[in-house]
Amino acid sequence: MNSPLAHRNIPITIIGGGIHGISIAIRLLREVPTAARYLAILDRHPHPLTQWRHKTERQGMTFLRSPAVHHITPDALGIVEYAELHNRTSELAPPYSQPSTQLFWDFCGDMLAELAQYRVYHQFEATKLQWDKGAGKFPFRLISKDGDGFRSRCVILAVGTDDCIYVPPEFVQWQRQYPDRILHASEFNVEDQDGRDSEESFVIVGGGLTAGTLAKSLSERRHSVTLIARNPLKTEQFDFPPVWLGPKALAEFADETDFQRRYEVIQQNRGEGSITPDIMEALMDATNIKMYPETRIQKIVSVEEGSCRGGVTPSLLVSTNRADIPNVSRVILATGYQFNLCRYGFLRELIAQHGIPFVCGLPRLDADLQLYPVENLFGSGTIAQLQIGPASGNIAGASLAYERLREKLLQILR
Ligand SMILES: Cc1cc2nc3c(=O)[nH]c(=O)nc-3n(C[C@H](O)[C@H](O)[C@H](O)COP(=O)(O)OP(=O)(O)OC[C@H]3O[C@@H](n4cnc5c(N)ncnc54)[C@H](O)[C@@H]3O)c2cc1C
């Protein structure tokens, strides 16, 4: 079936209907409701924010890390007022009013209902993006997985980081050997463990909030967990210092002309991950969680053959420099993402053809978030880190990105 976008000319296209794509669209539509006639949001999923919902549910995340003021609309107090209206203020956790995941999701649900009336969201997996420089007012051509195509005047990439999962090199071979039992966290769903009678033993690799949340969720389901991190475990409320939302740090960042240095600043400020105080407390209190910081896994072998004959469930033996962990049913790699825009297949040809410059996988976009030298191609989310700084991939990064994009988008609508 043809997409309703097929053969049309769309002034503004947002690729990605996640937190960033939706936040930008809502902000634009609140300012200019008639923009709906000129806007399309594309996503491979049938509904907006699917990816966000999957990720939080699959980990068993119960509260957001960020305060209630960061969400998908421009009203800072939107979630707080929603909680008051629905008698749900108990779902705003101290000390920073972090909303429960369910409250955040229900609030987003209302906002998505507002967006639905504009009919701007389309299930459309972009498999190719072309820019025909000088080809009239609509130089971008987008092609979907089903072969539908349309043209656009401006494209905003809000594609998240999912195509860039990171598996540390030492795990690649083991994962190839035991693909069903060594999984990246993005492939694992803690809810699949619900209702299982037998207790299992998990090894979780990583020292960030995903590792901590998964460990807590599995321990609550009565499984035993060993959390292995190569560095000391750090406890922090936020995943970047909040100064990065203020004008002073951002102005200093903008003054840095060496983009390699900007990249290093981002790395220093985001670090290798940390765990929030409430989750850390839960991990320390749980009797079925062992924590091995500053530990390296040296070997993973299957003990399947010997034990199967005795009727025991096949398992892994995980050897570390600290201890051997026997009878492991699964190893979950909560090792995050390593962003590299070149890994997005639909952009590969465009990047090569127009020589978009990169620093460590991030495009060197200009201050308007344009992927120079391609005109009117913009980025929001992790893509825009070299301009927006360490907060770029977070929820708050979407409002920072909109401030930069706003003028260009309004110009296109005029
Ligand atoms: C479990 C978890 C909890 C988090 N908690 C917080 C928090 O509390 N506070 C905070 O500030 N941040 C948090 N983050 C970080 C960040 O805010 C989220 O990851 C957020 O979802 C990023 O939004 P995004 O729009 O950039 O990416 P996504 O939400 O991943 O959206 C990208 C979208 O692009 C689509 N897409 C990609 N390629 C294509 C294509 N070729 N064609 C069509 N569609 C495509 C995908 O389907 C996806 O829907 C959390 C992240 C995770 C994983």
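Residues numbered from 1 in each chain as written. Predicted model: local features only at pLDDT ≥ 70, side-chain atom pairs only at ≥ 80, totals over all residues.

### Observations regarding the overall build of the protein chain
When its secondary structure is counted, the protein chain shows 13 helices and 19 strands. In terms of C-alpha radius of gyration, the protein chain reaches 23 Å, essentially the compact-globule figure of 22 Å for 414 residues. Across its three principal axes, the protein chain shows a C-alpha extent of roughly 70 × 50 × 50 Å. Taken over 414 residues, the protein chain has a buried fraction of 41%. (Helix = DSSP H or I, 4+ residues; strand = E, 2+ residues; numbered from the N terminus. Rg over C-alpha atoms; globule rule 2.2 N^0.38 Å. Buried ≥ 20, exposed ≤ 12 C-beta atoms within 10 Å, placed from the backbone.)

### Details of the nonpolar core
In terms of nonpolar packing, the biggest core is built from 74 residues, with I24, A25 and A401 touching the most fellow members. When residues in this core are grouped by element, the largest group, eight residues, is from helix 13 (residues 395-413). Not counting chain neighbours up to four residues away, the residues in contact with I24 comprise I14, I156, A158, S380, A398, A401, Y402 and L405. Membership of the second largest hydrophobic core comes to 33 residues, among which are F188, V190, L209 and I300. (Core = buried A, V, L, I, M, F, W, Y, C linked by C-beta atoms within 7 Å. Contact = placed C-beta atoms within 7 Å.)

### Some points on the pairing of strand 14 (residues 316-320)
In this structure, strand 13 (residues 297-302) lies alongside strand 14, joined through five bridges in antiparallel fashion. Bridging across to strand 14, K299 finds its partner in S319. Where strand 14 lies against strand 15 (residues 324-328), three bridges are found, and the strand directions are antiparallel. Of the residues in strand 15, the one forming a bridge with L316 is V328. (Pairing = 2+ DSSP bridges.)

### Considerations on the site of the ligand
Taken together, 34 residues surround the ligand, and among them G16, G18, G160, G381 and N394 come closest. Of all the elements in the fold, those that place two or more residues in the shell around the ligand are helix 1 (19-31), strand 2 (39-43), helix 2 (50-59) and helix 13. Sorting elements by how many residues they give to the shell around the ligand places helix 2 first, with six residues. Looking at side-chain class alone, the shell around the ligand contains 12 nonpolar, 16 polar and six charged residues. (Near = placed C-beta within 6 Å. Nonpolar A, V, L, I, M, F, W, Y, C, P; charged D, E, K, R; others polar.)

### Topic: the sheet that holds strand 15
Read across the open sheet, the three strands follow the order 13-14-15; overall the sheet is antiparallel. The strands lining the two open edges of the sheet, one partner per strand, are strand 13 and strand 15. The mean inter-strand angle of the sheet, taken between neighbouring strand axes irrespective of direction, is 15 degrees. (Axes fitted to C-alpha atoms, helices over the stretch in contact; angles between N-to-C directions.)

### Looking at the domain arrangement of the protein chain
Domain annotation of the protein chain identifies domain 1 (9-163 + 338-413) and domain 2 (166-239 + 274-333). For domain 1 and domain 2, the distance between their C-alpha centres works out to 32 Å. Residue composition of the side of domain 1 that touches domain 2, grouped by class: two nonpolar, three polar and four charged. (Domains from an automatic or database assignment.)

### What about the packing of helix 1 against helix 13?
Orientation of helix 1 relative to helix 13, taken along the N-to-C sense of each, is 45 degrees, at an axis distance of 9 Å. Compared by their axis directions, helix 1 and helix 13 come out oblique. For the pair helix 1 and helix 13, the crossing hand works out as right-handed. Between helix 1 and helix 13, the residues in contact are I19, H20, S23, I24, R27 and L28 and I395, A398, S399, A401, Y402, L405 and L409, respectively. Class assignment for the residues of the contact of helix 1 with helix 13 results in nine nonpolar, three polar and one charged. (Parallel < 35°, antiparallel > 145°, perpendicular 65-115°, else oblique. Left-handed = near helix turned anticlockwise from the far one by under 90°.)

### Description of the packing of helix 6 (residues 209-220) against helix 9 (residues 277-285)
Look at helix 6 against helix 9: their axes get within 10 Å of each other, and the N-to-C directions meet at 45 degrees. With respect to their mutual orientation, helix 6 and helix 9 come out oblique. Every pair of crossing elements has a handedness; the one defined by helix 6 and helix 9 is left-handed. Between helix 6 and helix 9, the residues in contact are L209, G212, T213, A215 and K216 and I279, M280, A282 and L283, respectively.

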